[in-house]
Amino acid sequence: MRRKLVLIQLSRALVPLLVMLHHLSTTMMDYYGFNIWNLAYLPLTGGVYYFFSLSGFMAYYIYRQKFGKKGQLTDFLINRFIRIYPLYWVVTLAFLILAFLLPWFATGAERDLAVILTSIFLVPNPEWQDPFIIVAWSLEYTIYFYLMFSVLFLSPRLIGKVLFTAWGILSLLGVMGIVYIDHFLFDFLFASYNLMFIGGVFCAWLILHAKIPVIIGYLFIAFGLIGFPVTWMNALNPFMEVSFEMSASISIMLLLIGLGVVDLKKDVNIPNAFHQLGNAAFAIYLVHNVVLDVFSEWMDQAGLHEVLGNIGMSLVLVALMMFFGILAHFKLELPLHRLFKGWLQKNKMPAVAASDRDAATKNT
């Protein structure tokens with residue numbers, strides 16, 4: 001079985017790129033009335049949905065052979081902690097420093113104890129207030145998904161499968177409104193996002209167990225990619241009675257299945273720069289909005305829009321977001337991973353799983 005999923009690795013870059021486009025369009029619309037492809041009018045672009053599904057896909061692909069084995073649950077949870085929290089805490093600290101130094105950058109939530117605690121630990125806020133780092137609302141769900149996924153490590157394995165399946169069924173019933181409790185925790189615990197994560201798990205299971213011809217894989221990739229602009233157009237000028245979430249989710253599942261099938265059946269080579277871009281996706285995702293907010297305000301005050309114009313300024317902002325995101329990956333994310341892994345090994349705690357070390361695609 002081929003372990004390196006090259007195309008899946010490259011596709012990780014879709015997450016920050018799609019999210020960046022939406023935030024950039026919104027920012028340019030607010031400042032100058034420039035709405036890139038009308039994306040500012042969309043609720044999302046689908047990048048976060050891909051993040052959820054890809055997380056489920058890679059969690060199953062990497063750890064499927066570890067279910068029910070002694071010690072693997074702890075190893076899985078430690079790996080997820082290292083993957084998310086260290087870099088997130090550093091970026092959150094940077095945000096708070098900027099909020100202190102730049103009064104216009106502050107939102108007022110920095111003085112709210114509830115927001116501080118829920119932001120630090122990535123737990124849902126009863127008032128639905130976002131964490132300091134806006135995009136981190138998705139990390140609250142991701143942490144929850146990993147906790148639910150961890151039941152698959154229980155022994156005997158049948159117990160884990162039953163519990164995970166029950167979670168999926170309850171989530172579906174909650175989304176359909178068949179089961180509902182008017183409480184913010186119910187809305188969080190049984191959100192439609194759960195089905196996106198589970199859908200990613202299903203896609204990984206499918207490519208590993210079904211004999212899908214590679215030509216079908218290519219077709220799925222094409223339909224999956226086309227599905228994103230189709231979803232956007234349908235949201236702006238409806239021509240299909242399909243919700244944004246449903247349309248985006250179908251596109252994402254087609255794309256994941258297609259990429260996975262081709263990856264498993266063909267030797268795919270991509271330039272190392274694109275491989276590194278996939279690795280840096282999480283760091284770009286975390287820091288891009290802070291960079292966008294700071295530099296868009298500075299460039300506006302400096303009058304650079306008059307020189308660069310809408311397109312020029314947009315390109316500069318994209319370059320800055322990419323630059324600082326990649327910089328954060330190499331100068332913060334990777335050193336923090338090495339630091340925590342070294343500390344864990346020194347204290348004889350479970351090290352990063354071999355499968356996580358070997359897999360070309362690191363879970364976001």
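Per chain, residues are indexed from 1 in the order of the written sequence. In keeping with the model being predicted, local features are shown solely for residues with a pLDDT of at least 70 and side-chain atom pairs are shown and tallied solely at 80 or more, while totals for entire chains, interfaces and linings include all residues. Excluded from the side-chain calculations are hydrogens and water; all other atoms, namely the structure's heavy atoms, are used.

Here's the deal with the overall build of the protein
Numbering of helices and strands runs from the N terminus, with a helix taken as a DSSP run of H or I at least four residues long and a strand as a DSSP run of E at least two residues long. Check the secondary structure of the protein and you find 15 helices and zero strands. Residue burial is assigned from relative accessible area. The probe radius is 1.4 Å, only protein chains are included, and a residue is buried under 20% of its type maximum, exposed over 50%, and partly exposed in between. In the protein, which comprises 364 residues, the share counted as buried stands at 51%. For accessible areas, the Shrake-Rupley method is used with a probe of radius 1.4 Å. Any residue's cover is judged against the shown protein chains and nothing else. When the accessible surface of the protein is totalled, it reaches about 17,300 Å², and 68% of it is carbon and sulfur.

Observations regarding the confidence of the model for the protein
pLDDT is defined as a per-residue confidence score from the predictor, taking values between 0 and 100. Looking at the protein, the pLDDT average stands at 91 and 94% of residues meet or exceed 70. Residue contacts are counted whenever heavy atoms from the two residues lie within 4.5 Å of one another. Low pLDDT (under 50) marks residues 350-364, which in the prediction has 54 contacts with non-local residues, meaning those over four places away or in another chain.

Quick notes on the packing of aromatic side chains
Pairing of aromatic side chains requires ring centres within 6.5 Å, counting the rings of Phe and Tyr and the six-membered ring of Trp. Pairs whose planes differ by under 30 degrees are stacked, by over 60 edge-to-face, and all others tilted. Counting across every chain of the model gives 48 aromatic pairs. Judged by centre distance (6.1 Å) and plane angle (55°), the ring pair of Y60 and F67 falls under tilted. We note that Y60, like F67, is buried. Sitting over the face of the ring of Y61, R64 holds its NZ or CZ atom 4.8 Å from the ring centroid. Lysine NZ or arginine CZ positioned within 6 Å of the ring centre and within 35 degrees of the ring normal marks a charge as sitting over the ring. Over the face of the ring belonging to Y146 we find R80, whose NZ or CZ atom lies 5.5 Å from the ring centre.

Topic: the nonpolar core
Among buried residues, the Ala, Val, Leu, Ile, Met, Phe, Trp, Tyr and Cys ones that are joined through side-chain atoms within 4.5 Å form a nonpolar core. Counting residues in each nonpolar core, the largest one holds 88 residues, and the members touching the most others are F149 and L286. Looking at which element gives the most residues to this core, the answer is helix 3 (residues 47-63), with 13 residues. Once residues within four sequence positions are removed from consideration, L286 is found in contact with L87, Y88, V91, I133, V135 and L139. Judged by nonpolar contacts, the second largest core, of 16 residues, contains A13, I36, A280 and I284.

Some remarks on the environment of H209
Mapped onto the secondary structure, H209 falls in helix 9 (residues 193-209). A sequence separation of 69 residues divides H209 from G278, and the C-alpha atoms of the two residues are 26 Å apart. A polar contact of 2.8 Å, which involves the side chain of H209, links it to the backbone oxygen of W205. Here a polar contact is taken to be a pair of N or O atoms separated by no more than 3.5 Å, where protein atoms must pair a possible hydrogen donor with a possible acceptor and residues adjacent in sequence count only if both atoms sit in side chains.

A closer look at the side chain of S314
Following the sequence through the fold, S314 ends up in helix 14 (residues 304-346). Relative accessible area serves as the criterion here: at 6%, S314 is assigned to the buried category. Setting aside chain neighbours within four positions, we find S314 in contact with L24, M28, F34 and I36.

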